[in-house]
Amino acid sequence: MRIILFFLFGFFIASAHESFIVNGHIRMLPKIMALDTRLKSKTDSSKVIFAVVYDLNRKSDAQFIAEGINRVHHERVSNIPFSAIALSVNEVTERKDIAFVYMIQKCSSKSLKQVAEWGIENSIPTFSYDVADLESGILGSIAFERSTVIYINKKTLKEGKFHFDGTLYQIARLIE
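Residues numbered from 1 in each chain as written. Predicted model: local features only at pLDDT ≥ 70, side-chain atom pairs only at ≥ 80, totals over all residues. Heavy atoms only, no water.

### Description of the sheet that holds strand β5 (residues 126–128)
Here comes step 1: If you walk across this open sheet you meet the eight strands as β2-β3-β1-β4-β5-β6-β7-β8, and the pairing is mixed. Pairing within the sheet leaves two strands with one partner each, and these edge strands are β2 (76–77) and β8 (172–175).
Here comes step 2: Contacting β1 (48–54), β2, β3 (80–88) and β4 (98–103), helix α2 (residues 59–73) runs over the sheet at an angle of about 170° to β3.
Here comes step 3: Across the sheet, helix α4 (residues 109–122) lies against β1, β4 and β5, angled at about 155° from β4, the strand it touches most. (Pairing = 2+ DSSP bridges. Helix = DSSP H or I, 4+ residues; strand = E, 2+ residues; numbered from the N terminus. Contact = heavy atoms within 4.5 Å. Axes fitted to C-alpha atoms, helices over the stretch in contact; angles between N-to-C directions.)

### Considering the side chain of Ser83
Here comes step 1: Mapped onto the elements of the fold, Ser83 is located in strand β3.
Here comes step 2: Contacts of Ser83, omitting those with residues within four sequence positions, involve Lys47, Val48, Ile49, Phe50, Asn70 and Glu75.

### Comments concerning the environment of Ser136
Here comes step 1: One can find Ser136 in the loop between β5 and β6 (140–144).
Here comes step 2: Separated by 22 residues in sequence, Ser136 and Gln114 place their C-alpha atoms 8.9 Å apart.
Here comes step 3: With near-sequence residues (within four places) excluded, Ser136 lies in contact with Ser109, Leu112, Lys113 and Ala116.

### Some words on α2
At 3.6 residues per turn, the α-helix brings residues three or four places apart onto the same side.
Here comes step 1: Here α2 spans 21 Å end to end across 15 residues, near enough to the 21 Å set by a 1.5 Å rise per residue.
Here comes step 2: Restricting attention to buried positions, one finds in α2 the residues Ala62, Ile65, Ala66, Gly68, Ile69, Asn70 and His73.
Here comes step 3: Phi turns positive, to about 55°, at His74, one or two residues after α2. (Expected span 1.5 Å × (residues − 1). Buried < 20%, exposed > 50% of the residue type's maximum accessible area, 1.4 Å probe, protein only.)

### Things to note about the environment of Asn23
Here comes step 1: By the secondary structure assignment, Asn23 is in helix α1 (residues 2–33).
Here comes step 2: Residue Asn23 is classed as partly exposed on the basis of its relative accessible area of 38%.

### Section: unusual backbone geometry
Working note: non-glycine residues mostly have negative phi, and peptide bonds are mostly trans.
Here comes step 1: Even without being glycine, Ser78 reaches a positive phi, approximately 50°.
Here comes step 2: Mapped onto the elements of the fold, Ser78 is located in the loop between β2 and β3.
Here comes step 3: A residue is classified by how much of its surface remains accessible, and Ser78, at 57% relative accessible area, is exposed.
Here comes step 4: Despite not being glycine, Asn79 has its phi angle at roughly 60°, a positive value.
Here comes step 5: Mapped onto the elements, Asn79 comes out in the loop between β2 and β3.

In structure tokens:
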């Protein structure tokens, strides 16, 4: 009986931790998107498109995050109207109106590399749930350690010719 309670308690702690991280990303990523100095030039419409990208059968997770972003920010950040939408890896790489990408957790390394290459080629910032994804060429991620830390992949930053407001460079940690 104690073993069952121990596993249940561990499961609830892990779920709460993951929920905390996702909620932190929901609150912070649109603010990072707004620091892109070329943001408005990436769309022809009046709204900037923030893509929440998934692979495999994770569409409902991506939709939950996209809806959370839209709800928390009321589809506006720094006076920039935007809309967060859930897209598959294939859908995002076929579109030309995406301004910012967030890869949800547990995406395959193949999908991460595909989206990272597309982001570099099109100068579209790509962020992900896991800092380890930066090894696949993803531009950035947010970690919650003793404080909140934004990690930026220095190599991807140079290759993709991304341009952000200086504020991001002051608060982010650039890693090789």
